[in-house]
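# Architecture and fold: a report
The residues making up each chain are set out below.
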Amino acid sequence: MNHLNHWIDGQRSDLTSTRTAPVTDPALGQQTGSVLLADGSDVDAIVASSRAAFETWSDASLSQRTNVLFEYRRLLVEHKDELARAISSEHGKVFADAQGEVQRGLEVVEFACGAPNLLKGEMTPDVSNSVDAYSMRQPVGVVAGITPFNFPVMVPMWMFPMAIACGNTFILKPSEKDPSGSLLMAELFSEAGLPPGVLNVLQGDAEAVNGLLDHPDVDAVSFVGSTPIAKQIYQRATANGKRVQALGGAKNHMIVLPDADVGQAADAAVSAGYGSAGERCMAISVVVAVGDVGDALIPEIVSRTAALKIGPGLSDEPMDMGALVTEAHRERVSSYMDLGLGEGAELVIDGRGLAIDGHPDGFWLGPCLFDRVTADMKIYVDEIFGPVLCVMRVDTYEEALALVNDNPYGNGTAIFTNDGGAARAFQRDVKAGMVGVNVPIPVPMAYHSFGGWKDSLFGDTHVYGPEGVKFYTRYKAVTVRWPDPAERGVDLGFPQAR
Ligand code: NAD
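Keep in mind it's a predicted model, so treat the numbers as computed, not measured. (Residues numbered from 1 in each chain as written. Predicted model: local features only at pLDDT ≥ 70, side-chain atom pairs only at ≥ 80, totals over all residues. Heavy atoms only, no water.)

Side chains of nonpolar character tend, in soluble globular proteins, to be buried together. Of all hydrophobic cores here, the largest spans 70 residues; its most connected members are Trp158 and Phe170. The greatest single-element share of this core, amounting to 10 residues, is contributed by helix H6 (residues 154-165). Both domain 1 (2-248 + 456-478) and domain 2 (252-437) contribute no fewer than three residues apiece to this core. In contact with phenylalanine 170, not counting residues within four places along its chain, are Val143, Ala144, Gly145, Met159, Phe160, Ala163, Ile164, Val198, Leu199, Asn200 and Tyr472. Counting residues in each nonpolar core, the second largest holds 65 residues, with Ala260, Val288, Met337 and Val391 among its members. (Core = buried A, V, L, I, M, F, W, Y, C linked by side-chain atoms within 4.5 Å. Buried < 20%, exposed > 50% of the residue type's maximum accessible area, 1.4 Å probe, protein only. Helix = DSSP H or I, 4+ residues; strand = E, 2+ residues; numbered from the N terminus. Domains from an automatic or database assignment. Contact = heavy atoms within 4.5 Å.)

This part is about the packing of helix H3 (residues 80-91) against helix H4 (residues 95-112). Running from N to C, H3 and H4 cross one another at 120 degrees; their axes reach a closest spacing of 8 Å. Accordingly, the angle class assigned to the pair H3 and H4 is oblique. Helix-helix and strand crossings are classified by hand; for H3 and H4 the assignment is right-handed. Here H3 contributes Lys80, Asp81, Leu83, Ala84, Arg85, Ile87 and Ser88 to the contact with H4, which in turn contributes Phe95, Ala98, Gln99, Glu101, Val102 and Gln103. Considered class by class, the residues forming the contact of H3 with H4 number 6 nonpolar, 3 polar and 4 charged. (Axes fitted to C-alpha atoms, helices over the stretch in contact; angles between N-to-C directions. Parallel < 35°, antiparallel > 145°, perpendicular 65-115°, else oblique. Left-handed = near helix turned anticlockwise from the far one by under 90°. Nonpolar A, V, L, I, M, F, W, Y, C, P; charged D, E, K, R; others polar.)

This part is about the site of the ligand. In the region of the ligand, 27 residues are neighbours, and Thr147, Glu176, Ser226, Gly248 and Glu383 sit closest. Here threonine 147 contributes a backbone N or O atom positioned 2.7 Å from an oxygen atom of the ligand. Between the ligand and glycine 225 there is a distance of 3.3 Å, counted from an oxygen atom to a backbone nitrogen or oxygen. With respect to the detected pockets, the ligand is housed in the largest pocket. Elements that contribute at least two residues to the shell around the ligand include exactly helix H8 (206-214), strand S11 (220-224) and helix H9 (227-239). Taken together, the residues of the shell around the ligand break down into 15 nonpolar, 9 polar and 3 charged. Looking at which domains feed residues into the shell around the ligand, each of domain 1 (2-248 + 456-478) and domain 2 (252-437) supplies at least three. (Near = heavy atom within 4 Å. Polar contact = N/O pair within 3.5 Å; in protein donor to acceptor, adjacent residues only side chain to side chain. 1 Å grid on protein atoms, 1.4 Å probe; cavity = no way out; pocket = protein on both sides within 12 Å on 5 of 7 lines; lining within 4 Å. Sits in = over half its atoms within 2 Å of the grid points.)

When the charged atoms of two side chains lie near each other, side chains of opposite charge can form a pair. Scanning the model with the defined rule gives 24 salt bridges in all. A salt bridge links glutamate 207 to arginine 19, with the shortest nitrogen-to-oxygen separation between them at 3.0 Å. Of the two residues, glutamate 207 is situated in helix H8 and arginine 19 in the loop between strand S3 (11-13) and strand S4 (20-25); the sequence distance between them amounts to 188 residues. It is possible to trace a salt-bridge network through shared partners that takes in Arg19, Asp205 and Glu207. (Salt bridge = Lys/Arg side-chain N within 4 Å of Asp/Glu carboxyl O.)

This brings us to the packing of aromatic side chains. If you walk through the whole model with that rule in mind, you get 9 aromatic pairs. Ring centres 3.8 Å apart and planes at 5 degrees place the aromatic pair tyrosine 72 and phenylalanine 189 in the stacked group. Of this pair, tyrosine 72 sits in helix H2 (residues 62-78) while phenylalanine 189 is found in helix H7 (residues 180-191), placing the two residues 117 residues apart along the sequence. This pair shows no difference in class: tyrosine 72 is buried, exactly as phenylalanine 189 is. Here phenylalanine 160 and phenylalanine 170 contribute two aromatic rings whose centre-to-centre distance is 6.2 Å and whose plane-to-plane angle is 55 degrees, an arrangement assigned as tilted. Linking phenylalanine 160 in helix H6 with phenylalanine 170 in strand S9 (residues 169-173), this pair joins segments that are 10 residues apart in sequence. Residue class for phenylalanine 160 comes out buried when judged on its relative accessible area of 0%. Three or more aromatic residues joined by ring pairs form one cluster here, namely Tyr72, Phe160, Phe170 and Phe189. (Phe/Tyr/Trp six-rings, centres within 6.5 Å; stacked < 30°, edge-to-face > 60°.)

This part covers helix H15 (residues 420-429). Inspection of H15 places Ala422, Ala423, Ala425 and Phe426 among the buried residues, and these make up the whole buried set. Projected onto a plane normal to the axis of H15, the buried residues spread over an arc of 165 degrees and lie on a single side. Set apart from the buried face of H15 by more than 90 degrees, the exposed residues are Gly420, Arg424 and Arg428. The distance from a side-chain oxygen at the start of H15 to the backbone nitrogen of glycine 421 is 2.9 Å, and the residue carrying that oxygen is aspartate 419. (Arc of directions from axis to C-beta.)

All right, on to the layout of surface pockets then. Approximately 840 Å³ is the volume attributed to the largest pocket. What lines the largest pocket is a set of 41 residues, and nearest its centre among them are Pro148, Phe223, Gly225, Ser226 and Ile229. Where the lining of the largest pocket is concerned, the elements lending two or more residues are H6, H8, S11, H9 and helix H12 (327-343). With 5 residues, H9 is the single largest residue contributor to the lining of the largest pocket. Looking at the lining of the largest pocket residue by residue, the class counts come to 22 nonpolar, 13 polar and 6 charged. Size it by volume and the second largest pocket reaches roughly 400 Å³. (Points joined across faces, edges and corners; volume = space filled by probe spheres on them.)

Residues other than glycine seldom take positive phi values, yet leucine 15 does so here, at roughly 50 degrees. Judged by its relative accessible area of 25%, leucine 15 falls in the partly exposed class.

Moving on, we come to empty space enclosed by the protein. Enumeration over the complete set of coordinates arrives at 4 cavities of 30 Å³ or more. Considering only enclosed or pocket space, the largest cavity measures out at about 140 Å³ in volume. Together, 17 residues line the largest cavity, and Gly278, Ala283, Ser285, Glu383 and Phe385 are the ones closest to its centre. Contributions of two or more residues to the lining of the largest cavity are made by strand S14 (284-290) and strand S17 (388-394). Along the lines of polarity and charge, the residues of the lining of the largest cavity split into 9 nonpolar, 5 polar and 3 charged.

Purely geometric stuff here, so don't read any function into it on its own.
Laid out in structure tokens, this is it:
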């Protein structure tokens, strides 16, 4: 049984709370470990460590910081498969997908290695007689990062490498469902030479989170998770005077126009709908078929779905889709089948009752497909967060666009078409933070930034990329006068350039 505890001052520690939560292997359906859940005194201890480390880390030179980051990158590459195995064994996603997750996190570390360039200020000489002006970016302080279960390595890496490169110290509060990756990441960073206390990991649930949100020595909060919690985190932490970015849930639509390549659109719908068992915030959960393209598209989706290999994420034979994260989540997602049928949708594929040889207790649910879904149905309104694809049929592009724009979420969206004019209008007019044209999961590269609109993001800045640099630093403008010995005299007027 794995004992999953905290990481503080460069080492693992149990701290004081003895409350725990079970950690399970979704493919086995069995408990494999237990994770400690922090209390208020644990929060105090970890914040004190991060605050003390900030005093010295914020003074570390840029080359000291980037030397550690370059070494961290090397170690992450070396330990990529170990991290991926930890992800698969607690999340359930297949090994190749877990490797992809680590890779996308690594790219943010690579971006953070460019901190000397990213943190450069601007300088304007001679803004007035003998006066120069310049700007600089300084660290915010102690940052707390609260992350979801579905990307236990990548989402934390959206946050802490950039925060630390900017001179902050960071407290990671990972999901209690799959905490092993957080400890491995912290251990490797320490091995790379990161001083104790610069990255701490606090395991826990709402009690730990609320402790961090209320702590006067936490300066900023990055959150990624579901919309109700994101909103709550944003309100509580901003009321406490903290800087907050809180990314929420999603309902991502993929519009297929009648002129689209149907085979390509079906490939995309199946990949983006069922990859990682639909437990991705950028998963496609709604296909909006315009005109009569649905008649050709549905059989293509069905045939591809039938060919998917479903099984344990770490099996010798590569799989396409693994188990869902917990039994409770599998039950919740499954409950939408009867709900959708009751609402009048057509259940084209029912993934319930899937049995996997040798893994009778795994949290399995096969791909599910609903057709003729309408906007008033709960299967459309709710974020289901499982392998469930809903097809909606509309007559025109305008109706499809209105559907996306009227939805309260605005994380990602995609359009499939060969009409450049329609695609151009769509990327301009759609109300979502990330848009794909013939790309179903438009997750930006590390040197752009990630974030949604509407109920998918509370706060002003997106994560990683240039927006990440902005979030993890405070802007300061400096005006300097080295007086010309010839210029003297009192002037009570408001400073103006002369
Ligand atoms: P969640 O909101 O349940 O949990 C996220 C984090 O918040 C966890 O660390 C959890 O311990 C903590 N938490 C849970 N309940 C809390 C409470 N009452 N008070 C304080 N903290 C609490 O999300 P999840 O189920 O772990 O992850 C799936 C969700 O995350 C989905 O909604 C998905 O769309 C979203 N997500 C969004 C993005 C994005 O970039 N927008 C990325 C990944 C996941």
